[in-house]
Amino acid sequence: MTTALTERQIEVMNKMQEIAANVRKRVKETEEIRRIPEATMQELKDSGLMYILRPEQYGGLQASVETYSQVIIELSKACASTGWIASLCAIRDIMVAESFNEKAHLEIFSDNPQDVLFAGVYEPRSCTVRKVEGGYLVEEGHWMFCSGSLHATWGYFGMYTKDENDNILEQLLMTVPFDVLEIEDDWHTLGLRGTGSNAVRMKNVFVPEHRVTSFVKILDGDFQSPHLRDIPLYNSALFPCLILSLGLPGLGVVKEMLDNFKQSLPYRTAQHMGVKMIKDAASTHHLLATAELKVETAELYFMNLAKSIDEWAAKGKIMPKDLRLKALADIGYANEMLNDAVQAILRASGSGFVYDASPMQRLLRDFLTLNSHRSLSPVITRENYGRQLAGLQPNQIRY
């Protein structure tokens, strides 16, 4: 599918290299302060990149998932934490656009839409909710790994209502102003240190009916935003979009690792390899080719999925269930290819990456952190796709 870009979108893509270069200069600062520097956030806002998937009527670019994917890969090459935050903040605009009605949207975007940023987690660690007149009362809630918590103005969070036997009755999604949440300073981590993915808590917060929706219905395409139905983007299959947003930064990181290794080859001497320079060793040729092909495979899977999401959305239809389930398996497989590529790069590189001063060490730490996300697991995603191939029902509802 050829993506038609508006003049504004072309302008954003032309600015990408300049922005990525500035982001790259702030990598060390981003790790040290454990959040995205304000200068970076401002550049992302001013360029429109932070709102690349937001409806135009709310100040966004309303670009395609394919265009968004290309942007996130490039940002993640420059800085994994920045790419991760841009990826998740942008995809949340699709989530909010599809999940909530016009009344909620006007409440969120009416004053200063350029100041609005979303953070959230769809799976609570604990949550006690009561249905009350006019909405829901969240008596207490705890959500971990809330990426972008230090920058968000609005949040989306999953929650459950339960019966007296603690059985789940409804799986819901709510959106709330971020100032009703308490942010825990617990994001002291191996990698992705700048993402501010802190845990958050909520206590005795009333959420009106118009800012609560059925998560299950939204996943199956029963979108609550009829005022956006004629815009193709907001017919995009939500869960494949969400999981794609988690996988794309990893592709950027591994592409950067591969570039870093190739750029170092002319200067790397060999030890115990039968040649003077690492670039002349047969083992280097094999490992480098392996890494290149694995990264290329992962990129094909990611970009084909992005195009497929756009193509189905352009028809005004949500991607069918069987293809959504396969989409998750595709993402898991792409993630596996990236992990294989990293191992090949490390084998070819030797042990120099263990030094704190090595850019390869930071890239490895960032990749290990994002690669561990359970939603990207090649085992879990392949299991459910395999169940479908065997004529069985998937053992999860999220796809």
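The structure presented is a predicted model; accordingly, all values stated were derived computationally and were not measured. (Residues numbered from 1 in each chain as written. Predicted model: local features only at pLDDT ≥ 70, side-chain atom pairs only at ≥ 80, totals over all residues. Heavy atoms only, no water.)

Q: Account for the nonpolar core, with residues named and values stated.
A: Counting residues in hydrophobic clusters, the biggest one holds 107 residues, and the most contacted among them are Val 65, Tyr 68, Leu 75, Ile 94 and Leu 244. Tallying contributions element by element places helix α8 (residues 238–264) first for this core, with 14 residues. Among the nonpolar cores identified, the runner-up in size contains 21 residues, and Val 121, Val 138, Trp 143 and Leu 172 belong to it. (Core = buried A, V, L, I, M, F, W, Y, C linked by side-chain atoms within 4.5 Å. Buried < 20%, exposed > 50% of the residue type's maximum accessible area, 1.4 Å probe, protein only. Helix = DSSP H or I, 4+ residues; strand = E, 2+ residues; numbered from the N terminus.)

Q: A description of the sheet that holds strand β8 (residues 212–214) should follow, citing residues and the corresponding values.
A: Across the sheet, 4 strands lie side by side as β1-β4-β5-β8; this open sheet has mixed pairing. Across the chains shown, the open sheet's two edge strands, defined by having one partner strand only, are β1 (118–121) and β8. On average, adjacent strands in this sheet sit at an angle of 30° to one another, irrespective of strand direction. Summarising the sheet, β1 and strand β4 (residues 154–162) pair through 4 bridges and their orientation is parallel. In the sheet register, Val 121 faces β4, and the bridge partner there is Phe 157. (Pairing = 2+ DSSP bridges. Axes fitted to C-alpha atoms, helices over the stretch in contact; angles between N-to-C directions.)

Q: Residue-level account of the pattern of salt bridges, with values.
A: For the structure shown, the criterion picks out 20 salt bridges. Put simply, Glu 43 and Arg 26 hold a salt bridge, and the shortest N to O gap is 3.1 Å. On the criterion of sequence distance, the pair formed by Glu 43 in helix α3 (residues 38–47) and Arg 26 in the loop between α1 (7–25) and α2 (27–33) is long-range, its members being 17 residues apart. Of the residues examined, Arg 26 reaches a relative accessible area of 15% and is grouped as buried. (Salt bridge = Lys/Arg side-chain N within 4 Å of Asp/Glu carboxyl O.)

Q: So what's going on with the packing of α8 against helix α11 (residues 359–371)? Which residues, and what values?
A: Interhelical geometry of α8 versus α11 gives an angle of 155° and a closest axis separation of 10 Å. In this view, α8 runs roughly antiparallel relative to α11, as classed from their interaxial angle. The handedness of the crossing between α8 and α11 is left-handed. Where α8 abuts α11, its residues Pro 249, Gly 250, Val 253, Val 254, Glu 256, Met 257, Asn 260 and Phe 261 lie against Pro 359, Met 360, Leu 363, Phe 367 and Leu 370. (Parallel < 35°, antiparallel > 145°, perpendicular 65-115°, else oblique. Left-handed = near helix turned anticlockwise from the far one by under 90°. Contact = heavy atoms within 4.5 Å.)

Q: Could you give an account of the UniProt feature "domain: Acyl-CoA dehydrogenase C-terminal" (unreviewed entry) in the protein chain, naming the residues involved and the relevant values?
A: Those places that UniProt annotates as "domain: Acyl-CoA dehydrogenase C-terminal" (unreviewed entry) correspond, in this numbering, to residues 245–377. When the span residues 245–377 is considered, its composition is 71% helix and 0% strand, and the gap between its end C-alpha atoms is 14 Å. (UniProt positions renumbered as here; feature names shortened; annotations may be inferred.)

Q: Provide a residue-level description of the sheet that holds strand β2 (residues 126–132), including the pertinent values.
A: On the basis of which strands lie adjacent, the open sheet formed by 4 strands has the order β2-β3-β7-β6 and antiparallel pairing. Looking at which strands have only one partner, the edges of the open sheet turn out to be β2 and β6 (182–183). Pairing analysis gives 2 bridges linking β6 to strand β7 (residues 198–208), with the strands arranged antiparallel. Paired with Glu 182 across the bridge in β7 is Arg 201.

Q: Lay out the domain arrangement of the protein chain with the relevant residues and their values.
A: Each assigned domain of the protein chain is listed with its residue range as follows: domain 1 (7–115), domain 2 (118–227) and domain 3 (236–390). Measuring from the centre of the C-alpha atoms in domain 1 to the corresponding centre in domain 2 gives 21 Å. With 33 residues of domain 1 at the contact, the number on the domain 2 side is 32 residues. Both faces combined, the contact of domain 1 with domain 2 buries some 2,900 Å², and carbon together with sulfur accounts for 61% of it. Looking at the side of domain 1 facing domain 2, the largest losses of area belong to Arg 34, Arg 92 and Phe 100, adding up to 26% of the total buried there. Linking domain 1 with domain 2 are 2 salt bridges, by the criterion used here. For the salt bridge of Glu 107 with Arg 211, the shortest nitrogen-to-oxygen distance reads 3.3 Å. Our count for the domain 1 to domain 2 interface comes out at 18 residue pairs in polar contact (both at pLDDT 80 or more). Those elements that provide at least two residues to the side of domain 1 that touches domain 2 are α2, α3, α5 (80–99) and α6 (102–109). If one sorts the elements of the side of domain 1 that touches domain 2 by residue count, α5 sits on top with 13 residues. Of the residues in the side of domain 1 that touches domain 2, the class split is 15 nonpolar, 6 polar and 12 charged. (Domains from an automatic or database assignment. Buried area = accessible area lost by both parts, 1.4 Å probe. Polar contact = N/O pair within 3.5 Å; in protein donor to acceptor, adjacent residues only side chain to side chain. Nonpolar A, V, L, I, M, F, W, Y, C, P; charged D, E, K, R; others polar.)

Q: Quick one: what's the story with the environment of Ile 73, residue by residue and with numbers?
A: Here Ile 73 is to be found in helix α4 (residues 65–78). Judged by relative accessible area, which is 2%, Ile 73 ranks as buried. For the pair Ile 73 and Arg 54, spaced 19 residues apart in sequence, the C-alpha to C-alpha distance is 19 Å. Once residues lying within four places of it in the same chain are set aside, the contact partners of Ile 73 are Leu 248, Leu 251, Gly 252, Lys 255, Glu 299 and Met 303.

Q: Can you lay out the state of the cysteines for me, pointing to particular residues and giving the numbers?
A: For the coordinates displayed, the defined rule picks out 0 disulfides. The cysteine Cys 79 is free of any disulfide, with Cys 89 supplying the nearest cysteine sulfur at 13 Å. By relative accessible area, Cys 79 is classed as buried at 4%. The cysteine Cys 241 is free of any disulfide, with Cys 89 supplying the nearest cysteine sulfur at 16 Å. (Disulfide = S-S within 2.5 Å.)

Q: Account for α5, with residues named and values stated.
A: The end-to-end C-alpha distance of α5 is 28 Å, a good match for the 28 Å that 20 residues give at a rise of 1.5 Å each. By the criterion of burial, α5 is predominantly enclosed, with 20 of the 20 residues buried. (Expected span 1.5 Å × (residues − 1).)

Q: Would you mind going over unusual backbone geometry in detail, with residue names and values included?
A: Negative phi characterises most residues that are not glycine, and trans characterises most peptide bonds. One non-glycine residue, Arg 34, lies in positive phi territory at about 60°. Exposure remark for Arg 34: the relative accessible area of 23% places this residue in the partly exposed category. Its identity as a non-glycine residue notwithstanding, Asn 204 has a phi of 55°, on the positive side. With respect to the helices and strands, the residue Asn 204 is situated in strand β7.

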